[in-house]
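Overview (structure and organization)
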Amino acid sequence: MATTTRTRPSKAWRSTAELPLRPAVAWQSHADTTVGRIPMTLPRPSVPDPGFRPSAFAGEAVPFRVTAFREGHDLIGVHLRLFSPAGEESLHRLSSLDDGLDRWCVLVSPTAQGTWRFRFEAFGDDFATWEHAADLKIAAGVDAALMRESGALLFLRAVAEKSRPIAERRRLEAAAARLRDSAVSDLAALEIVRDPDIAAGFAARPLQSLVTIGETFDLLVERERAGVGAWYEFFPRSEGATRLKDGTVRSGTFRTAATRLPAVAAMGFDVLYLPPIHPIGERNRKGRNNTLESRPGDPGSPWAIGSAAGGHDTVHPDLGTLDDFRAFVTTAAAHGLEIALDLALQAAPDHPWVTEHPEWFTTLPDGSIAYAENPPKKYQDIYPINFDNDPEGIRTEVLRIVRHWMAQGVKIFRVDNPHTKPLQFWEWLIATVADEDPDVVFLAEAFTRPAPMQRLAIAGFQQSYSYFTWRNTKVELEEFLGEISDETSDFMRPNLFVNTPDILTEYLQYGGRPAYRVRAAIAATAGASYGVYAGYELYENVARPGSEENIDNEKYEYKLRDWAAAEAAGDSLAPFLTRLNEIRRAHPALRQLRNLRLHWSDDDAILVYAKHLPGALTADGKADTIIVVANVDPHSARQTMVHLDTRQWGVTPGDPFDVVDLVTGAEWTWTDHNFVRLDAFNEPAHILHVKEHS
Ligand SMILES: O=P(O)(O)O[C@H]1O[C@H](CO)[C@@H](O[C@H]2O[C@H](CO)[C@@H](O)[C@H](O)[C@H]2O)[C@H](O)[C@H]1O
């Protein structure tokens, strides 16, 4: 049987409205004004700080937007002229959002990495202006002769454009003659005004006047993993750790931890993040539950980096050797997992830096060095680095360390507390590393105020931890999702971790299993990147009294977990996480962020959002639409009406469309208003795929 395969164009972009390329010609310009003939403002993608550039990831559906208008009521059009890193030029027609705000938009997906350039070109759309007026006036018998003659002149102007296909020019010439022919009735002339072929020709090659060329901007396109991925975090020392007869625990190693890789991969995760893997300080080592006294056998916090065994370039001897680490990275890659390493720029008191480079620390008047803090947290087992004492020396050392791990196959770094170090330093480091390898990704662990958090992203961090963990109610989530998918999306890519070793929110502590389930569903579908710290799947929800983190925290001790027994007993969320990751892989709309749109329900705990990706931007040419309806009250069953703006995926309001729940398999026919009932104790969220549509 013959099969047909859709072949995608091998260009560096995909577009919802690409036009044949035409040279840019500014027909009117005045050097004595700032504003162009057709004013354009608020171009996007953009960043709030001059000197920096917006970014996207390869394959991201980027809405290129601008606000453009002109005096009076003649119609305008707007083009996006795009230049790929290789210098290929393309032209894309923006559509009016018709929201009364003069906003225009086109979706383009750059698929090639590198620096792109783009600009907007606005123009008087002379055919559209005439068509609009002629349609009304000729039909009403007002100025019909005048309209017909204006049309003929317009068509002949188009005929003179040699770049138009010959068939189109002939059609226009004939149409102009008929408009002028007094034997042709006004009713017949109206058919010319409404001729779809003529309209299509002018849509592809508009008849332009007053062409205004906007400023040219840069857009940095980074690799897909910079923006998309399912992350899993585990402590390698816990994986394969064994309790000995005397009650002590023998550390896991890279070799034993490697035996857990198939299970992490089978859950569908893409990135495995490891907390620091370096020697841990002996002096001031913390004991269990963040106590200041460690007991024999306590392994200490991995973030207390450095001992006589070495510093940031060394593997903790308990974990194995550098060769073992390299083998671990290779095995992970064979399972489709990329390793993310921690980059925590601080030192335990016995780190070699402390004696070799005392100038890298701040010595107090009494000769001591103050320990690190991230108020209200106190890190008595580490010294912070003073980046201003020897900036060059510190830069050289950190670059050496990063290069060292890159040489072992690491291309992702989770940076600890970057907001406690100078922004300038990060701008330099990330740019320097990108020059050497543009595939390296830095994730900022900056739980701080919005301004420093956002500036770290603008300065170059490819990804950022976010406030997601603390946004739990419907109202909070709506505000958060609206912000990350639009306001900050040109420069900040949030990773929606559901938990971390430092964060066990009250919502999880008291929400029971429904809370774990619904949070995972929202993170995996709302975030293009999301993450899970090991133990989440076992619903570990007991906090250390007075803190927002797990009791008997893995940061200070080995954690021996029986994954298989939990799963066999039905006490594991792993099957659900696996399904979520399968859904993410099967649905390209979910591997996007900027396409998230909030919809509505009548209930204060039912959150509704959808993600749509047009077929023009998907690899197989099929549109993909997912609707998520989530009950964020983990203590109840809720029923309500859900209201959708179905036009976002091309369905006329009121028309029916079929959906399938990707978790339960249930199928329904929906319209723009639908009844839902979500029982938190059963299935707190619908993840609905809109079946076959254009
Ligand atoms: O300050 P954050 O909440 O962003 O947390 C990150 O950095 C902390 C310091 O590196 C780190 O804290 C852990 O390591 C410290 C140093 O060993 C130790 O004193 C803390 O008790 C321990 O929580 C935290 O894990 C990291 O995510």
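Every value quoted in this text rests on a predicted model; they were computed, and no experiment measured them.

Another aspect to go through is the overall build of the chain. When helices and strands are tallied, the chain shows 16 helices and 35 strands. Dimensions along the principal axes, computed over C-alpha positions, put the chain at roughly 105 × 55 × 50 Å. For the chain, buried positions account for 57% of its 694 residues. Counted over contacts in the chain with a minimum sequence separation of 6, partners at least 24 positions apart contribute 76%. When the accessible surface of the chain is totalled, it reaches about 29,200 Å², and 53% of it is carbon and sulfur.

Glancing now at the side chain of H587. Following the sequence through the fold, H587 ends up in the loop between α16 (574-586) and β27 (596-598). Of the residues examined, H587 reaches a relative accessible area of 9% and is grouped as buried. Ignoring any residue separated from it by four or fewer positions in sequence, one finds H587 in contact with D624, I626, L662 and H689.

Helix length check: helix α13 (residues 474-487) (14 residues) gives 19 Å between terminal C-alpha atoms against 20 Å at 1.5 Å per residue, within 8%. As for α13, its buried residues are in contact with β25 (494-497), α14 (506-526), β27, β28 (600-601) and β29 (606-613).

For the pair helix α11 (residues 423-436) and helix α12 (residues 450-459), interaxial distance at closest approach is 9 Å and the crossing angle is 25°. Our classification of the angle between α11 and α12 gives roughly parallel. Crossing of α11 over α12 shows right-handed handedness. Side by side, α11 and α12 meet where L423, W426 and E427 of the first sit next to R455, L456 and A459 of the second. Here the residues of the contact of α11 with α12 are counted per class, giving 4 nonpolar, no polar and 2 charged.

Another aspect to go through is the packing of aromatic side chains. Tallied over the full model, the rule gives 32 aromatic pairs. Here F254 and F328 contribute two aromatic rings whose centre-to-centre distance is 5.3 Å and whose plane-to-plane angle is 45°, an arrangement assigned as tilted. Here F254, found in helix α6 (residues 254-258), pairs with F328, found in helix α8 (residues 322-334); they are 74 residues apart in sequence, far enough to count as distant. For the pair F254 and F328, one class covers both residues: buried. Ring centres of F442 and F461 lie 6.4 Å apart, and the angle between their planes is 85°; on these two criteria the pair is classed as edge-to-face. With F442 in strand β23 (residues 441-445) and F461 in the loop between α12 and β24 (463-465), this pair connects stretches of sequence that are 19 residues apart.

A few words on the site of the ligand. With respect to spatial proximity, 18 residues lie near the ligand, and among them Y379, D381, D416, D502 and Y556 are the closest. At 3.1 Å, a side-chain N or O of N290 approaches an oxygen atom of the ligand. In this structure, an oxygen atom belonging to the ligand sits 2.9 Å away from a side-chain N or O atom of N417. If the ligand stood free it would expose 540 Å²; the protein chains cover 97% of that surface.

Take the UniProt feature "domain: Glycosyl hydrolase family 13 catalytic" (unreviewed entry) in the chain next. The sites that carry the UniProt feature "domain: Glycosyl hydrolase family 13 catalytic" (unreviewed entry) are, in the present numbering, residues 229-567. In residues 229-567, the share of helix is 32% and the share of strand is 15%. The end C-alpha atoms are 24 Å apart.

Calculation rules
Residues numbered from 1 in each chain as written. Predicted model: local features only at pLDDT ≥ 70, side-chain atom pairs only at ≥ 80, totals over all residues. Heavy atoms only, no water. Helix = DSSP H or I, 4+ residues; strand = E, 2+ residues; numbered from the N terminus. Buried < 20%, exposed > 50% of the residue type's maximum accessible area, 1.4 Å probe, protein only. Contact = heavy atoms within 4.5 Å. Areas by Shrake-Rupley, 256 points an atom, 1.4 Å probe, with all protein chains shown as cover. Expected span 1.5 Å × (residues − 1). Axes fitted to C-alpha atoms, helices over the stretch in contact; angles between N-to-C directions. Parallel < 35°, antiparallel > 145°, perpendicular 65-115°, else oblique. Left-handed = near helix turned anticlockwise from the far one by under 90°. Nonpolar A, V, L, I, M, F, W, Y, C, P; charged D, E, K, R; others polar. Phe/Tyr/Trp six-rings, centres within 6.5 Å; stacked < 30°, edge-to-face > 60°. Near = heavy atom within 4 Å. Polar contact = N/O pair within 3.5 Å; in protein donor to acceptor, adjacent residues only side chain to side chain. UniProt positions renumbered as here; feature names shortened; annotations may be inferred.

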